Amino acid sequence: MAGQAQKPELLLDIRKLRIEATVYPPGEAPKNIVLVHDVSLSLKRGRVLGLIGESGAGKSTIGLSAMGYGRGGVRITGGEVMLNGRDILQSGKRGIRKLRGKEVCYVAQSAAAAFNPAHKLMDQVIEASLEHGTGTRAQAEKRAVELFRKLSLPDPENIGERYPHQVSGGQLQRVMTAMALCSEPDLIVFDEPTTALDVTTQIDVLAAIKDAIRDTGVAALYITHDLAVVAQVSDEIMVLRHGRLVEWGGTQQIIKEPRQEYTNALVSVHEITHDEQVPGEAPFLSVKNVTAAYGRGGPKVLKDVSVDIYPGQTLAVVGESGSGKSTLARAITGLLPPEQGTVTFDGRPLANRLADRPKEDLRQLQMIYQMADVAMNPRQTVGTIIGRPLEFYFGMRGAERDRRVAELLDKIEMGKGFADRYPAELSGGQKQRVCIARSLAAKPKLIICDEVTSALDPLVANGILKLLLGLQKEEQVAYLFITHDLATVKSIADSIAVMYRGEVVRYGPKSKVLAPPFDDYTDLLLSSVPEMEIGWLEKAIKGRRMESAGN
Amino acid sequence: MLDIRRIPIPALIGLILTALFLIAAIFAPLIAPYGNGQIVGDVWEPMSSTYLLGTDNLGRDLLSRMIYGARITIFIAVLATALSFSLGAILGFTAAVVGGWFDTLMSRFVDLLMAIPTLIFGLVVLSVLPSTIVTLIMVMGLLDSTRVYRLSRAVAVDINVMDFVEAAKLRGEGTVWIIFREILPNALSPLISELGLRFIYAVLFLSALSFLGLGVQPPNADWGGMVKENKDGIVFGIPAALIPAAAIAALAISVNLVADWILNRTTSLKGGRG
């Protein structure tokens, strides 16, 4: 590569980048908002810079500006983006087309949505190389196969012949990385490449990406909201908030000695103090030998599952996608009547079907969903949403109801003023809080929390968990907490059930479940949770006893 | 609140025209210079200060006929649309929420009705039944409701799987609450745009029926019937048939302009507050 040597050492130099967008609030004059305030960064050849921050911090926007792209209506209005020594913002449409896919490539968060389902993987992987004429079809395919092998994809010679739906999510994300690497770019922008994956799959993809970066010597911008993940792959980390730079430094310095308060909050986000409670004498809800399947004679999604929940305590159900944790919730709530087994509540069996349960039983079991935006009717105000259970279960009306709604809003740390708002006028964390208030309004004994924090930013999720713990103390409500995030489990659970392929493989009080000796699956789960420590990734891969299901 | 200066111009044109048609329809006896069936002059007189739009094939004042025609056209079309919407939407939503055999039975029945061309079906039914306004409205409403059923069911099936509907079911809410409080408000946007369209189809369907002699019976006439009465004049260069035809077109366009505007206003999820 003779050409490579002549290129400048400084690959990417963004100076005082300003990005704006115009918003059109109905009824008002359109106005400009600044998304990125004069951010500067530079990246040397072959180095990895992690961009981290919560949603709306501008990290994706900055990442995309490295290829001169502004998403839907976003405009780059100031500053310079110097790539290989020239300002790409001045190079016009043609210049940018030459650069995208050749000098800079992009790896999107959702590989499933980024691949065209109608074309074979190979055609999509080598498309950029052919478009830019960097080699013949045979050469490009050869390089793609090498990359598949490097990214440890199964059957590298033939996987390119498959269509996107024929490979798993984790594999597809690696194919996408191969696609980005195939045209031998100087820079790759990774936009949350592992966020949508299970922990056990994430670790494989992460390791593959890291090896590929090291072996090809490509530089990368790695965008994520998970500090522990970015610490594994990047040389430097840049913390962003509200489109402004908070802190920029070496990985070691950021995670060990953060200088800014906000960075410190991000680093210590998983620290919640919660003392484990010992199980009481009698569980008020017990699931006994439940087996369930979708459709008659379909594969069993739950196999002989038994768990107990004690008053005022939290049972966490952990497992990766497809392990049957949400199905367990559906069986308890009656949405999916179990084929065998019973659910006992307060010493009496609970009717299997939802339609057969009396109102009182329904009131005692409430549920909070993962996606708060679709769990609330977008056409009802917050007041109506929280007030409805009061009306429905307790017959409260008028001023009495409004007073109770105000009380509940107060409990979830939101003011009275929110009662007239619509869900679309709330932030993600506020939406989830309203859902919590709605379930509390029924004064239930048990709230089923289905991945309630996984769609939220770490800091916001942390606030929600603290709120849930506080409410538990006040109201003596029990939680069935479904999650794939072990860090959450460690911080709030009293007992834990680990699920794998529809079975409970490990169950007991938290201290026992999280203490060795582990079974293989629990060990895999535990070792896959990213830790805020450099070199953790290599250690974790080496110490694994079983392959993750997605591989 | 609604500020008249913020209404876009197309919507304003639509609103004014629709209002004019509605006023003409409601206050027909007060506005019309002559009676509906009153013969006032010669056959097909040209436009003049006495007869603003001229006279028709029997020497009746065309403007008065038009105004009375607006009344009968809009009356029938509104009732037929209302019938088709209440029937179609309620059955469609129920089919989506209840599902199972009810859904299958309803949907196949609707498929059966839709397999027969509407106009031919209408012609057969109306030639058997007595030609009154009530039967006309019933037949038009029922035939149109199949289309509304299809749309409402499709929209409701999508909404029915959302978490907030599941949350309502878990709370123990009945089917009525789920249909009217959870699904209906969220299905309103596509239904409103369909409403404008369906109303116009009702007007066109009625006009077609009347033109074929199966709609409104003489001496009353809707606009379609008036086109029929005066169509022979076109050969002699007399525009009397074109005036009701133009009125049908104007009504169609203005109602859709209004429907578009309402649609834009209701898609906002922030209560129109921005």
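Residue indices follow the written sequence of each chain, beginning from 1 at its first position. Working convention: letters from A go to chains and numbers from 1 go to ligands, in the order in which they are written. Given that the model is predicted, a residue must reach a pLDDT of at least 70 before its local features are reported, and side-chain atom pairs must reach 80 or more before they are shown or counted; all residues, however, enter totals for whole chains, interfaces and linings.

A run of DSSP states H or I qualifies as a helix once it reaches four residues; a run of E qualifies as a strand once it reaches two. Both are numbered from the N-terminal end. By definition here, a helix of n residues has an expected span of 1.5 Å times n minus one. A rise of 1.5 Å per residue sets the reference length of helix 16 (residues 382–394) of chain A, with its 13 residues, at 18 Å; its end C-alpha atoms lie 18 Å apart and thus fit the reference within 8%. By definition, a residue's bend is the angle between the axes fitted to the seven residues ending there and the seven starting there. Of all the bends in helix 16 of chain A, the greatest reaches close to 25° and is centred on Arg388(A); the proline Pro389(A) follows between one and four positions later. The burial label depends on the number of other C-beta atoms within 10 Å of a residue's C-beta. Counts of 20 or more mean buried, 12 or fewer mean exposed, and intermediate counts mean partly exposed, with C-beta atoms placed from the backbone. Of the residues making up helix 16 of chain A, those classed as buried are Val382(A), Ile385(A), Ile386(A), Gly387(A), Arg388(A), Pro389(A) and Leu390(A). Contact between two residues is assigned whenever their backbone-derived C-beta positions fall within 7 Å. The secondary structure elements touched by the buried residues of helix 16 of chain A are helix 17 (398–411) and helix 18 (428–441) of chain A together with helix 7 (163–171) of chain B. The positive-phi residue at the C-terminal boundary of helix 16 of chain A is Gly395(A), with phi of around 65°.

On to the sheet that holds strand 1 (residues 10–23) of chain A, then. Residue and element names in this part refer to chain A. Strand order in the open sheet formed by 4 strands is 2-1-4-5, with antiparallel pairing between adjacent strands. Single-partner strands in this sheet number two, and they are strand 2 (31–44) and strand 5 (86–87). Here strand 4 (residues 74–83) pairs with strand 5 via 2 bridges, running antiparallel. Each residue of the ladder has a partner; that of Leu 83, found in strand 5, is Arg 86. Paired strands are those between which DSSP finds at least two bridges.

Residues and elements named next belong to chain A. Bridge count for strand 11 (residues 285–293) against strand 12 (residues 300–309) is 6 bridges, and the pairing is antiparallel. Bridge assignment links Ser 286 to a residue of strand 12, and that residue is Asp 308. The antiparallel pairing of strand 11 with strand 12 creates a hairpin that spans 6 residues between the two strands, and Gly 295 there sits at a positive phi of about 75°.

What follows deals with helix 9 (residues 223–230) of chain B. Most of helix 9 of chain B is tucked away, with 8 of its 8 residues classed as buried. On the buried face of helix 9 of chain B, the contacting elements are helix 3 (62–98), helix 8 (175–211) and helix 10 (242–266) of chain B.

Attention shifts here to the sheet that holds strand 16 (residues 365–368) of chain A. Residues and elements named next belong to chain A. The strand order 16-17-18-13-19-20 describes an open sheet built from 6 strands, whose pairing is mixed. Across the chains shown, the open sheet's two edge strands, defined by having one partner strand only, are strand 16 and strand 20 (503–509). Between one strand axis and the next, the sheet turns by 15° as a mean value, whatever way the strands run. Pairing between strand 17 (residues 446–450) and strand 18 (residues 478–483): 5 bridges, direction parallel. Pairing of Asp 450 across the sheet is with Ile 482, part of strand 18. To obtain an axis, a line is fitted to C-alpha atoms, over the contacting stretch when the element is a helix, and the angle between two such axes runs from 0 to 180 degrees between their N-to-C directions.

Turning our attention to the domain arrangement of chain A. Accessible area lost during the coming together of the parts is what is often quoted as the interface size. Residue and element names in this part refer to chain A. You can read the domains of chain A as domain 1 (2–267) and domain 2 (285–515). Placing a centre on the C-alpha atoms of domain 1 and another on those of domain 2 gives a separation of 37 Å. Counting residues at the interface gives 8 residues for domain 1 and 6 residues for domain 2. Taken together, the residues of the side of domain 1 that touches domain 2 sort by class into 3 nonpolar, 3 polar and 2 charged. Each domain's extent was defined by an automatic or database domain assignment. Under the convention adopted here, Pro, Cys and the residues Ala, Val, Leu, Ile, Met, Phe, Trp and Tyr are nonpolar, Asp, Glu, Lys and Arg are charged, and Gly plus all remaining residues are polar.

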